[in-house]
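So you can see what is in the structure, the chains are spelled out below.
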Amino acid sequence: MPSEHVIKCSKVLAAKEWNIAFAESATAGRMSAEFSMTEDSGKVLRGGITCYEVFVKEQILNVPHTLIEKFTPESAEVTQKLAEQTSKIFNSKITVAVTGLTTAGGSETTEKPVGTIFLCIITPNKMINHRKVFKGSAEKIVLQAIDEAAKLIIDCVVSF
């Protein structure tokens, strides 16, 4: 069952007659799945792409290899490029891209520990780049990231 934040976000988007699309790395499709279980899903969910592996980021979403090499696949810069490309593909009012580290073995460092999530949300009037470090299991990190995105969208859409 989706969280109260995801349900509210779907309602807010439906009231505006806006749709949403996702580029999901760290959340691997879970964000789209959570939005698909709301009663407003048919009105708001346009679709998404899971871009967990670098190959998909580069070959499907056309993120330059040099950008990934310079900043790592889990970075604000790559996340923004994913959002920009996904927004074009899906022609969505709201586009969310998410990368990050839910488990060890990626590009984690002292400055970017496991739990670090990068969100880039494109709306009709602005782009939100957001970084936050969450605690817990991989699933808890993913669910917190989804709620964080929903809250950011609600704040933005309500103030539009």
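Quantities reported herein were computed from a predicted structural model and do not represent experimental measurements. (Residues numbered from 1 in each chain as written. Predicted model: local features only at pLDDT ≥ 70, side-chain atom pairs only at ≥ 80, totals over all residues. Heavy atoms only, no water.)

Draft legend 1. A look at the packing of aromatic side chains. The tally for this structure, following the rule as stated, stands at 1 aromatic pair. Ring centres 5.2 Å apart and planes at 50 degrees place the aromatic pair Phe22 and Phe35 in the tilted group. Remark: Phe35 occurs in helix H2 (residues 30–36) and Phe22 occurs in strand S1 (residues 20–24); sequence separation between them is 13 residues. Its relative accessible area of 0% is what places Phe22 among the buried residues. Positioned above the aromatic ring of Trp18, the side-chain terminus of Lys16 is 5.7 Å from the ring centre. (Phe/Tyr/Trp six-rings, centres within 6.5 Å; stacked < 30°, edge-to-face > 60°. Helix = DSSP H or I, 4+ residues; strand = E, 2+ residues; numbered from the N terminus. Buried < 20%, exposed > 50% of the residue type's maximum accessible area, 1.4 Å probe, protein only. Lys NZ or Arg CZ within 6 Å of the ring centre and 35° of its normal.)

Draft legend 2. Structural view of the pattern of salt bridges. Evaluated as defined, the whole model comprises 6 salt bridges. Among the ionic pairs, Glu34 bridges to Arg30, the shortest N-O distance being 2.9 Å. One end of the pair is Glu34 and the other is Arg30, both in helix H2 and 4 residues apart, which spans about a single turn. Using a relative accessible area of 6% as the deciding quantity, one classes Glu34 as buried. Taking the relative accessible area as the measure of exposure, Arg30 reaches 29% and is therefore partly exposed. A salt bridge links Glu139 to Arg30; its shortest N-O distance comes to 3.1 Å. Separated by 109 residues along the polypeptide, Glu139 in helix H7 (residues 138–158) and Arg30 in helix H2 bring together distant segments of the chain. Among the charged side chains, a salt-bridge network with shared partners connects Lys11, Glu39, Asp40 and Lys43. (Salt bridge = Lys/Arg side-chain N within 4 Å of Asp/Glu carboxyl O.)

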